[in-house]
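In case you want the letters, here they are:
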Amino acid sequence: MRRRAADYRRPVRRKYWCWIWALLGLFLVAGLLLFAVQHNQNEDRDVKPVQERRESPQREAHQTLNFTEELVSTTSLSRQLAAQMTLAKAYVVIAKEHNNLHLAWELSSRIRSCQLLLSKAAMRGEPVTLGEAEPIIKSLSSLIFKAQDAHYDIATTITTMKSHIGALEERANAAIVQSTVFGQLAAEALPKSLHCLIVKLTVDWIRNPSLQHLTEETRYSPRLVDNNLYHFCIFSDNLLATSVVVNSTVSNADHPQQLVFHVVTNGISYEAMQAWFRHNDFKGATIEVQNIEEFTWLNASFAPIMKQPSDADAEPKMWNQKYSSLLDYLRFYIPHIYPQLEKVVFLEDDVVVQKELTPLFSLELHGNVNGAVETCLEAFHRYYRYLNFSSLLISSKFDPQACGWAFGMNVFDLIAWRKANVTSRYHYWQQQNTDGTLWKLGTLPPGLLAFYGLTEPLDRRWHVLGLGYDMNIDSRLIESAAVIHFNGNMKPWLKLGIGRYKPLWERYVNTSHPYLQDCVTA
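The residue numbers shown here count from 1 along each chain, following its written sequence. A pLDDT threshold of at least 70 governs which residues receive local features in this predicted model, and a stricter bar of 80 or more applies before side-chain atom pairs are shown or counted, although totals over entire chains, interfaces and linings include all residues. Think of the side-chain values as coming from all heavy atoms in the structure, minus any hydrogens and water.

**Some details on the sheet that holds strand β3 (residues 286-291)**
One bridge is not enough; two strands pair if DSSP finds at least two bridges between them. In this text, helices come from DSSP runs of H or I with a minimum length of four residues, and strands from runs of E with a minimum of two, each type numbered from the N-terminal end. If you trace the seven strands from one edge of the open sheet to the other, you get β3-β2-β1-β4-β7-β6-β8, paired in mixed fashion. Strand pairing shows two members of the sheet lacking a second neighbour, β3 and β8 (455-458), which therefore form its edges. Adjacent strand axes in the sheet meet at a mean angle of 25 degrees when their direction is disregarded. With four bridges joining them, strand β6 (residues 370-373) and β8 adopt parallel strand pairing. The partner of G371 across the bridge, within β8, is E456. On top of the sheet, helix α9 (residues 239-251) reaches β1 (230-235), β2 (259-265), β3 and β4 (343-347); it is set at about 175 degrees to β2, its chief contact. Axes here mean lines fitted to C-alpha atoms, for a helix over just the part in contact, with angles spanning 0 to 180 degrees between N-to-C directions. Residues are treated as being in contact if the distance between any of their heavy atoms lies within 4.5 Å.

Next up, the structure:
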């Protein structure tokens, strides 16, 4: 078969290749467009974190601004404003004292503006700006220079402030003394019912000769000097309190008939005391009542305490009967009052006995005179708290850290007392303290000196203190105590006594006595 000429042959399929290239071009354009769009989105994402990272430190700085640090910073405007404000306050006081009320008013006005600006800065958590602080700083500086021109200089300011501080201290001290005196007056005030009871009993004693006859029989009883019995001594003019001490002791004793109580009171309460203890039965215990006015040996030539200043010349503390009554100092003369006794337990009139006390008489004192509970385990009491150790006489003989102890419930070995001549030691220290420079008034400081090196520490459960002032004593400690002590001004027979502890005392009051019932309801 003959082939066609070249011009008349069918063309090769070139149109398919054109379509292929066109499609490839379209794909290329689309790819370029997608690449451009994706690139722009990535740039946006990168820019936002950078901006956030730049803004976050600013927010953190805003949140962590400490205005206290701003006030103490040496370069801050807040500190400068605070310093000027403090100085301006001092000049306000001085200006008022010099009757320059206009200057005082201007300073007070600028001080208020300064306080307002500082409070606003603290509220918003941003430092004070120069534009805000400059007007106030300038005005305050101008007024301070004006005050200095009026001779309110720093020396004057210091002198004035010292005088103000001195005046405030004097007022504070006067208030403390006044409060102490009022508290002592309240503590020593005789309740109306107790005064009524004393009057009724005194009248009964005078009208009833049989009571006086019983008293004479007791006075010469051999039981009073029998060292096989248990002897307790109480020195008080408070009839009801003494009765509670006696009643609580015999109520907790296994053999109350073996107990002997030696009570010493003053002339005013003597007849009432005698009548009360003859009217009431205390389970067979022997009770002796003596009148301190009959102790002729207790005179100025023997006892330095008799030479004490009169109440008019004494310190306010001496106005308290507790410190001026001779009854309170009889504890230093127990061997002279009871020359035939060998051992006694001394009880103050503001204690309540809760357990048997006769085991005290068999305690080993190891040759010491005084058996007492130490108090240095509490928040008080070491020797330096009572005595003036700036005196060479004290510092050369005593240890300032020596442990203190308490009066209120004490075991006294009178044989060892006489051997150590404790009363003479007491007299010596009283004579050394005639000017009151070695210790303040009271019986414990001279007691610490007289019994120094002669005191045997007892288990603290024998004697728990603080019920006359401490409202938070552990109930378990109170329950375990043999003797609880209402030392302090809040005595249980007063209205100001602590209500939580009053029932511990009131349970031993003989409320069935007709005289007491009449006086309470009167």
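**Concerning the pattern of salt bridges**
By salt bridge we mean one thing: a side-chain nitrogen of Lys or Arg within 4 Å of a carboxyl oxygen of Asp or Glu. For the structure on display, the rule yields 11 salt bridges. Of the charged contacts in the structure, one is a salt bridge between E294 and R219, with a shortest N-O distance of 4.0 Å. With E294 in the loop between β3 and α11 (321-324) and R219 in helix α8 (residues 209-219), this pair connects stretches of sequence that are 75 residues apart. One salt-bridge network, in which partners are shared between bridges, spans R124, E126 and E132.

**Some words on helix α15 (residues 422-432)**
Turning to α15, its buried residues number three or more, namely V422, T423, Y426, H427, W429 and Q430. Close packing links the buried residues of α15 with α12 (334-337), α13 (392-395), α14 (414-420) and α16 (444-450). Any residue under 20% of the maximum accessible area for its type is buried, any over 50% is exposed, and the rest in between are partly exposed; the area is computed with a 1.4 Å probe on protein chains only.

**Looking at a nonpolar patch on the surface**
Patch membership is restricted to residues that have no salt bridge and whose relative accessible area is over 30%. Joining uses 9 Å for like charges and 5 Å for the nonpolar side chains Val, Leu, Ile, Met, Phe, Trp and Tyr. Here the Shrake-Rupley method, with its probe set to 1.4 Å, supplies the accessible areas, and only the displayed protein chains count as covering residues. The grouping of I20, W21 and L24 at the surface amounts to a nonpolar patch, some 350 Å² of accessible area in total. In this structure, L24 sits in helix α1 (residues 14-63).

**Some points on the packing of helix α3 (residues 77-97) against helix α4 (residues 101-124)**
The contact between α3 and α4 brings their axes to 9 Å, and the two run at 155 degrees. By the angle between their directions, the pair α3 and α4 is classed as roughly antiparallel. By crossing handedness, the relation of α3 to α4 is classed as left-handed. Along the contact surface, α3 presents S78, L81, M85, A88, K89, Y91, V92, A95 and K96, while α4 presents L103, A104, L107, S108, I111, C114, Q115, L117 and L118. In the scheme used here, Gly and all other residues not listed as nonpolar or charged are polar, with Ala, Val, Leu, Ile, Met, Phe, Trp, Tyr, Cys and Pro taken as nonpolar and Asp, Glu, Lys and Arg as charged. Taken together, the residues that form the contact of α3 with α4 break down as 13 nonpolar, three polar and two charged. If an angle is under 35 degrees, it is roughly parallel; if it is over 145, roughly antiparallel; if it lies from 65 to 115, roughly perpendicular; otherwise it is oblique. Take the far helix as the reference: if the near one is turned anticlockwise from it by less than a right angle, the crossing is left-handed, and if turned clockwise, right-handed.

**Looking at α3**
The length a helix should cover is 1.5 Å for every residue beyond the first. Counted at 1.5 Å a residue, the expected span for α3 with its 21 residues is 30 Å, and the 31 Å between its end C-alpha atoms agrees. Buried within α3 are the following residues: L77, S78, L81, Q84, M85, A88, A90, Y91, V92, I94 and A95.

**Here we look at the side chain of D413**
As for its position among the elements, D413 is in strand β7 (residues 409-413). Although D413 is buried, it makes no salt bridge; K343 carries the closest opposite charge, 5.2 Å away. At 3.1 Å, the side chain of D413 and the backbone nitrogen of I415 are in polar contact. Setting aside residues no more than four positions away along its own chain, D413 makes contact with E342, L365, N368 and V369. In this tally, Lys and Arg are treated as positive and Asp and Glu as negative; His is ignored, and so are the chain termini. By the criterion applied in these results, polar contacts are pairs of N or O atoms within 3.5 Å in which, for protein atoms, one can donate a hydrogen and the other can accept it, and in which residues neighboring in sequence qualify only through two side-chain atoms.

**Overview of the nonpolar core**
Inside soluble globular proteins, nonpolar side chains tend to come together where they are buried. Here, nonpolar core refers to any group of buried Ala, Val, Leu, Ile, Met, Phe, Trp, Tyr and Cys residues whose side-chain atoms link them within 4.5 Å. Residues L197, F261, L347 and L357 are the most contacted members of the largest nonpolar core, which totals 63 residues. Looking at this core element by element, the count peaks at seven residues for α9. Those residues in contact with L347 that lie beyond four places of it in its chain are F232, C233, I234, V245, T249, V353, L357, G408 and M409. Judged by nonpolar contacts, the second largest core, of 45 residues, contains L298, Y383, F389 and V422.

**Re the pairing of β3**
Across the six residues that make up β3, a large majority, six, are buried. Pairing of β2 with β3, which is carried by six bridges, proceeds in the parallel orientation. Residue F261 lies in a different strand from β3, and its bridge partner there is I287. Crossover handedness is defined here as right-handed if the route from the first strand over the helix to the second strand goes clockwise, with the strands pointing away from the viewer. For the crossover that starts at β2, traverses helix α10 (residues 267-279) and ends in the parallel β3, the hand is right-handed.

**Observations regarding the pairing of β1**
Buried residues dominate β1, accounting for five of its six residues. Summarising the sheet, β1 and β2 pair through six bridges and their orientation is parallel. Its bridge partner being in β2, H231 is matched across the sheet by V260. Where the polypeptide runs from β1 across α9 and back to β2, its parallel neighbour, the crossover connection is right-handed. Summarising the sheet, β1 and β4 pair through two bridges and their orientation is parallel. What sits directly across from F232, in β4, is V345.

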